[in-house]
Every structure is written in C-alpha cells, then in structure tokens.
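What the coordinates show
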Amino acid sequence: MRMTAFEDVSLRALMLLSSADNSEPLATRAIADGVGTPYNHVSKAVLRLRELGLVESTRGRSGGVQLSDVGRRATVGQVLRALDTREDLTDCESPNGDCPFNLQCGLRSALREAREAFYRALDHVIISSLPHRRQMEPVLLQLGLRPPAGDV
C-alpha cells in the first residue's frame with residue numbers, strides 16, 4: 001500500500017515533535033524545515049493533526065505546536081486510518097465511465113481488507129517511539145534546538 005504525501009508529512013511532523021523538547025512549542029515553519037517539506041503542506045498537516053487531537057497549537061509570538069498526550073500515545077496505524085480519506089484504493093472507472101465489474105466487486109472488497117490489515121500491522125507501532133537520537137539530533141540542532149536528555 002502506498003501512503004499519500006499528506007500522510008507522510010503528517011507522520012514526519014509527529015516524529016519531529018515527539019523528539020523535540022516538549023517544554024517549548026515549535027513554529028510550523030521550523031517543523032517544515034525539520035521535515036524538509038514546504039510550509040504550506042506542513043501547515044495543512046498540522047491543522048489536521050490538531051483537529052484529531054494529536055497536537056496542540058497556540059498562536060502568537062511565543063506560540064507554536066506541541067505534541068499532545070494523545071499524540072504521544074498514537075500509533076502509526078491509528079494516524080494513517082484517521083488521515084486516509086480515500087473510500088477505495090482503486091478509482092473503479094475506465095475512460096468510458098464506471099467499471100463494468102462495479103456491482104458487488106470482489107476486488108474492491110479484497111483491497112479494503114488488505115488496507116485494514118496494513119493498518120492493523122502498524123497499530124502496535126507508537127510514533128513517539130520511532131525517532132532515535134542519532135537520527136534526530138542533527139535535525140534538532142539545525143533548528144537551533146537541544147535534543148532532550150536521554151535517548152530520543
């Protein structure tokens with residue numbers, strides 16, 4: 001299964017936030033720089049993650065984004081399930097209109113089951129457990145942040 005670019009950016013933002021010191025919020029621009037993605041893409045992802053309760057944000061000069069308690073416990077499977085807006089993995093259309101096999105299609109059902117199996121396989125992977133110091137320290141230092149004490 002292939003993740004969308006939006007899902008990828010959202011997961012990377014959550015990983016960055018989980019590795020940063022949670023005492024100070026990160027600006028959305030800093031998150032964009034940290035995950036190597038344009039600001040407008042990251043701001044849309046942060047907005048959706050806030051709607052899902054995975055991050056908390058505050059406006060203003062000292063504002064920014066922080067991982068919420070829910071976000072610290074979130075799994076990859078849960079987040080991907082919540083972000084996936086596709087009804088089906090296939091378009092079920094041909095250049096001439098709807099697929100002639102559309103009525104009670106076994107393929108669509110099998111693909112839905114496969115997608116759910118993919119999510120279930122990721123339901124035990126807690127996002128905040130994924131980043132490690134060696135991976136995240138250069139990114140945090142590039143953003144002018146100190147890595148938290150202990151293993152990230």
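See the structure above.
My aim in this report is to walk through the structure given alongside it, one point at a time. Throughout this description, residue numbers start from 1 for each chain and increase along the sequence as written. Where totals are concerned, whole chains, interfaces and linings use all residues; where local detail is concerned, this predicted model gives features only for residues with pLDDT of at least 70, and gives and counts side-chain atom pairs only at 80 or more. Side-chain calculation: all heavy atoms of the structure are included, whereas hydrogens and water are not.

**Brief notes about the overall build of the chain**
Each helix and strand counted, the chain has 7 helices and 4 strands in total. We count a stretch as a helix when DSSP gives it H or I for four or more residues in a row; a strand needs E for two or more, and each element gets its number in order from the N terminus. Counting from the amino terminus, the chain carries its helices and strands in the arrangement α-α-α-β-β-α-α-β-β-α-α. Burial here depends on accessible area, computed with a 1.4 Å probe over protein chains only, as a share of the maximum for the residue type. Under 20% is buried, over 50% is exposed, and the range in between is partly exposed. Taking all 152 residues of the chain together, the buried fraction comes to 37%. Surface exposure here means Shrake-Rupley accessible area, sampled with a 1.4 Å probe, where a residue is shielded only by the protein chains that are shown. For the chain, the accessible area works out to roughly 9,400 Å², and carbon and sulfur atoms hold 51% of it.

**Regarding the packing of aromatic side chains**
Pairing of aromatic rings covers Phe, Tyr and Trp, the last through its six-membered ring, and needs centres within 6.5 Å; plane angles under 30 degrees mean stacked, over 60 mean edge-to-face, and all others mean tilted. Under the criterion given, the structure shown has 1 aromatic pair. Relative to Tyr-119, the ring of Phe-118 lies with its centre 5.8 Å away and its plane at 55 degrees, an arrangement referred to as tilted. Residue Tyr-119 is classed as buried on the basis of its relative accessible area of 3%. We call a charge positioned above a ring when the Lys NZ or Arg CZ atom is no farther than 6 Å from the ring centre and deviates by at most 35 degrees from the ring normal. Its guanidinium or amino end placed over the ring of Tyr-39, Arg-29 lies 4.1 Å from that ring's centre, counting from NZ or CZ.

**Concerning the side chain of Ser-10**
As for its placement among the helices and strands, Ser-10 is situated in helix 1 (residues 5-19). Note on Ser-10: relative accessible area 0%, which makes it buried. Whether two residues touch is decided by their heavy atoms; if any such pair falls within 4.5 Å, the residues are in contact. Those residues in contact with Ser-10, other than ones at most four positions away along the chain, are Ala-45, Leu-49 and Leu-83.

**So, helix 1**
Given the number of residues in a helix, its expected span is that number minus one, multiplied by 1.5 Å. Along its 15 residues, helix 1 runs 21 Å from first to last C-alpha, staying within 8% of the 21 Å computed at 1.5 Å per residue. By the criterion of burial, helix 1 is predominantly enclosed, with 11 of the 15 residues buried. Taken together, the buried positions of helix 1 are occupied by Glu-7, Val-9, Ser-10, Leu-11, Ala-13, Leu-14, Met-15, Leu-16, Leu-17, Ser-18 and Ser-19.

**Some thoughts on the pairing of strand 1 (residues 55-58)**
At least two DSSP bridges between two strands are required for those strands to pair. Where strand 1 meets strand 2 (residues 64-67), 4 bridges bridge the pair, whose relative direction is antiparallel. Following the sheet pairing, Ser-57 is matched in strand 2 by Val-65. Between the end of strand 1 and the start of strand 2, which pair antiparallel, lie 5 residues, with Gly-60 showing a positive phi angle near 105 degrees.

**So, the nonpolar core**
For our purposes a nonpolar core is just a set of buried Ala, Val, Leu, Ile, Met, Phe, Trp, Tyr and Cys residues, chained together by side-chain atoms within 4.5 Å. By size, the foremost hydrophobic cluster in this structure holds 33 residues, and its most contacted members are Leu-14, Leu-16, Ile-31 and Val-79. Residue assignment for this core shows that the elements contributing at least two residues are helix 1, helix 2 (28-35), helix 3 (39-51), strand 2, helix 5 (76-83) and helix 7 (133-142). Take this core: its biggest share by element is 7 residues, from helix 1. In this view, Leu-16 contacts Leu-26, Ala-30, Ile-31, Gly-34, Val-35, Met-136, Val-139, Leu-140 and Leu-143; residues no more than four positions away in its chain are not counted.

**Structural notes on the packing of helix 1 against helix 7**
Axis separation between helix 1 and helix 7 bottoms out at 10 Å; the angle between their running directions is 85 degrees. One element, helix 1, and the other, helix 7, form an angle in the roughly perpendicular class. Seen from helix 1, the contacting residues are Met-15, Leu-16 and Ser-19; seen from helix 7, they are Gln-135, Met-136, Val-139 and Leu-140. Grouping the constituent residues of the contact of helix 1 with helix 7 by class yields 5 nonpolar, 2 polar and no charged. With axes taken as lines fitted to C-alpha atoms, and helix axes fitted only over the stretch in contact, angles between N-to-C directions fall between 0 and 180 degrees. An angle counts as roughly parallel when it lies under 35 degrees, as roughly antiparallel when it exceeds 145, as roughly perpendicular when it falls between 65 and 115, and as oblique in every other case. Classification used: nonpolar for Ala, Val, Leu, Ile, Met, Phe, Trp, Tyr, Cys and Pro, charged for Asp, Glu, Lys and Arg, polar for all others including Gly.

**A look at helix 2**
Buried residues dominate helix 2, accounting for 6 of its 8 residues. Along helix 2, the positions that sit buried rather than exposed are Thr-28, Ala-30, Ile-31, Ala-32, Gly-34 and Val-35. Positive phi shows up at Gly-36, right after helix 2, with a value of about 65 degrees.

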